[in-house]
Amino acid sequence: MVALQKIHSRFVPLEMENVDTDQIIPARFLKATTRDGFGKNLFRDWRYENNDETKPKAGFVLNQPQYSGEILVAGKNFGCGSSREHAAWALQDYGFKSVVSSFFADIFKNNALNNGVLPIKVSEEFLAKIFSQGNESTISIDVEKQTITIDVTGAQETFEINPYKKTCLLNGYDDIDYLINNKAAIEAYEITNQGY
Amino acid sequence: MGKTLFDKIWEKHVVQKIEDGPSVLYIDKHFIHEVTSPQAFKGIENRGLKVFRPQQVVATADHNVPTLNQHLPIKDELSRLQVQQLIENCKKHDIELYGLGHPFQGIVHVIGPELGITQPGMTIVCGDSHTSTHGAFGAVAFGIGTSEVEMVFASQCVLQTRPKTMRINIEGRLHEGVLSKDIILYIIAKITASGGTGYFVEYAGSAIRSLSMEARMTICNMSIEMGARGGMIAPDETTFEYIRGRQFAPSGIQWEKKLAEWTQLYSDNDAVFDSEIQINASEIEPMITYGTNPGLGIAINGLIPIAESIPDEGERKNIEKALQYMGLQGGKALLGMPVQNVFIGSCTNSRIEDLRLVAAFVKGKKKNEHVQVMIVPGSQQVAKQVQAEGLDKIFIEAGFEIRQAGCSACLGMNEDKIPAGEYCISTSNRNFEGRQGAGARTLLASPLTAAAAAITGVVTDIRELTKK
Ligand code: SF4
């Protein structure tokens, strides 16, 4: 995993609630056996006319050149639905390093963190402040300080992140490294707990 | 202080607690399938590792398999490669695979329980959100992402933060025509599609106790649709009777030993939950969804909400968008609306009891000529049982099409899709935009409500057809 310490970028506003993983990456694109290349099908059915990549839907934010950046800002309950990690891969492959929302679905949150995409939970008010910004506005995220700032207004919130996950993110460690290094404890557990 | 059922199982499986961090949770059973495992196998191979405890892993091919001519090579090249990859990975890592053509093949959440692999007190994971289904046996079962699948491959553990606990008590008697699917659709409509986020839910109360194992599985299955990490029900006689004698169930002395452990699996009287909800069973009517998340549901004889009347702006926009996609209007009834498709299948409602119920109602009737009806049994064993009981004849005479086991039109990954713009009454668990095919419009309901629509061609209150 690549370490993530700071982000300073414009943002893409997706003013919608309950964005589910079937929208982030529809099931028909889950046939791949590698993690790469999902970005081109991110929000596929909102981005393009049915199955035709040459016909982008002009009304969708990813097709509007005035918006860009490494931060996706979305309405509450982002990432609900399926456990498919392909959703996190698609966001990452597209170029997003962080998703900001007022509420995240659990599995998505874990999947994102496990792929170095930082889910930042902000208050409803702060979210509304971001949405009210123009497309030139930039946001700064500091993982160490746990802050998110709207640069032009200086409005700032701190966000929560589990200290362990924070260490992983700042250093680019992942959970598997941790588990492999603790095999002895796992084997000891197995000896005393012969369950199933 | 007493302990909740969840805590009893969770605590027993914590290998280690990381300070200020998650716990290392030991996993008893790990189910895998073709779609969310290939990248995890690659991951451990890149690290030079083998699967740590292959005997605790069970594999099947379900999401991306055809439901016709399963004996022939898969036509779609990408699907074929993905299924082939699973076969190779399982071989390389000594994992038991119930693949296409195997008598145990089927939807992962159908086969685990029916083979007796799923047992009370276990921790169970799978790279699939509906792993919550297995909680019906009093197990801590939850869906994980592919990185976590890789963790379990590497160490038989996952790093997890302990969720909060919620108990939903449903007391009283259910109305005629109300199935467990209606109970869970009712709960989700009541607490919304995100109302359970951060929680592990225990379902309790006399109405839950009265349900069969298969009905309980339907409820736990859809826990994820309210955002919950998982759902569970304390095991009881119904549970033990269901497991006894199944393929991989313990037997002899082992059975006695296990039974003694399992009977301790309940929430203590003085256990405290982070949240509790009380529901009276008599509030619940047959349910149907009108929107594009499972929380947008109403009683079958109710009216679609009027978006303008909803005070919360976000929620209002949501419903407006949903109604637009669904081609529906607030303030109107769904009853009597024509549907073009009926799908009876998925890990929510494709078990033998579901199909028996449908067959008992359909017997001697014919489907409406404007409706396509597809029945997809959850597993090869369910399909075999359908034949043994002659239910297939009833379905065929009614004009229904019976397919082979798999996820099918639940997620529209294979060719089983609902055409754009058409309505489908589906016994599955998700009505997201495009879930059953781009532009498809899904109305979630119970198998009986689906069967009623198959016969009449319109959204129907099953109670109108079964009145004596
Ligand atoms: S039947 Fe549907 S919900 Fe169940 S595992 Fe398959 S795709 Fe997922």
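Residues numbered from 1 in each chain as written. Chains lettered and ligands numbered in written order. Predicted model: local features only at pLDDT ≥ 70, side-chain atom pairs only at ≥ 80, totals over all residues. Heavy atoms only, no water.

Moving on, we get to the packing of helix H12 (residues 352–362) of chain B against helix H13 (residues 380–388) of chain B. Residues and elements named next belong to chain B. Packing of H12 against H13 brings their axes to within 10 Å, and their N-to-C directions diverge by 35 degrees. At the point where H12 passes H13, the crossing takes the right-handed sense. Contacts from Ile352, Leu355 and Arg356 in H12 reach Val382, Gln385 and Val386 in H13. The residue makeup of the contact of H12 with H13, split by class, is four nonpolar, one polar and one charged. (Axes fitted to C-alpha atoms, helices over the stretch in contact; angles between N-to-C directions. Helix = DSSP H or I, 4+ residues; strand = E, 2+ residues; numbered from the N terminus. Left-handed = near helix turned anticlockwise from the far one by under 90°. Contact = heavy atoms within 4.5 Å. Nonpolar A, V, L, I, M, F, W, Y, C, P; charged D, E, K, R; others polar.)

A separate point is the interface of chain A and chain B. Each partner contributes to the interface: chain A provides 56 residues, whereas chain B provides 72 residues. Counting the surface lost from both chain A and chain B, the interface buries some 5200 Å², and carbon and sulfur atoms represent 55% of this. Its largest share of buried area at the contact with chain B, chain A owes to A:Lys31, A:Tyr189 and A:Tyr196, together 17% of the area lost on that side. Counting across the chain A and chain B interface gives six salt bridges. The salt bridge involving A:Asp177 is made with B:Arg47; its shortest N-O contact spans 2.8 Å. Linking chain A to chain B there are 28 residue pairs in polar contact (both at pLDDT 80 or more). Per-class residue counts for the side of chain A that touches chain B are 21 nonpolar, 18 polar and 17 charged. (Buried area = accessible area lost by both parts, 1.4 Å probe. Salt bridge = Lys/Arg side-chain N within 4 Å of Asp/Glu carboxyl O. Polar contact = N/O pair within 3.5 Å; in protein donor to acceptor, adjacent residues only side chain to side chain.)

Attention now goes to the sheet that holds strand S11 (residues 230–232) of chain B. Residues and elements named next belong to chain B. An order of S11-S10-S9-S12 is seen for the four strands of this open sheet, with the pairing classed as parallel. Whereas interior strands pair on both sides, the edge strands pair on one side only; in this sheet they are S11 and strand S12 (275–280). Strand-to-strand, the axes of this sheet are offset by a mean angle of 20 degrees, without reference to chain direction. Judged from the six bridges that link them, strand S9 (residues 164–171) and S12 form a sheet pairing that is parallel. Its bridge partner lying in S12, glutamate 171 is registered against asparagine 280. Sheet strands in contact with helix H1 (residues 5–13) are S9, strand S10 (199–204) and S11, and its direction is about 115 degrees off that of S11. (Pairing = 2+ DSSP bridges.)

The subject of this paragraph is the site of the ligand. Lining the immediate surroundings of the ligand are B:His63, B:Ile107, B:His109, B:Asp128, B:His130, B:Ser346, B:Cys347, B:Cys407, B:Cys410, B:Leu411, B:Asn429 and B:Arg435. Split into classes, the residues belonging to the shell around the ligand amount to five nonpolar, five polar and two charged. (Near = heavy atom within 4 Å.)

For the rest of this paragraph, the subject is the environment of A:Asn115. Considering the arrangement of structural elements, one finds A:Asn115 in the loop between helix H4 (106–113) and strand S6 (118–121). Along the primary structure A:Asn115 and A:Leu42 are separated by 73 residues, whereas in three dimensions their C-alpha atoms are 16 Å apart. If sequence neighbours within four positions are ignored, A:Asn115 has contacts with A:Met1, A:Arg35, A:Glu85, A:Ala88, A:Trp89, A:Gln92 and B:Ser147. For A:Asn115, the side chain forms a polar contact with the side chain of A:Glu85, separated by 2.9 Å.

Looking at chain B as a whole, its pLDDT mean stands at 97, while 100% of the residues score no less than 70. Prediction confidence for the complex, expressed as pTM and ipTM, is 0.95 and 0.91 respectively. (pLDDT = per-residue confidence, 0-100.)

Residues and elements named next belong to chain B. In space, the five strands of this open sheet follow the order S5-S4-S3-S6-S7, with parallel pairing throughout. Each having just a single partner strand, strand S5 (96–98) and strand S7 (140–143) make up the two edges of the open sheet. Averaged over neighbouring strand pairs, the angle between their axes works out to 20 degrees when direction is ignored. Relative to S5, strand S4 (residues 57–60) runs parallel, the two sharing three bridges.

Glancing now at unusual backbone geometry. Negative phi values dominate among residues other than glycine, just as trans dominates among peptide bonds. Residues and elements named next belong to chain B. We note that aspartate 94 has phi near 55 degrees; this positive angle belongs to a residue other than glycine. Mapping aspartate 94 onto the fold places it in the loop between helix H3 (77–92) and S5. With a relative accessible area of 57%, aspartate 94 lands in the exposed category. Notably, threonine 192 is not glycine yet its phi reads approximately 75 degrees, a positive angle. The residue threonine 192 is located in the loop between helix H6 (180–191) and S10 in this model. (Buried < 20%, exposed > 50% of the residue type's maximum accessible area, 1.4 Å probe, protein only.)

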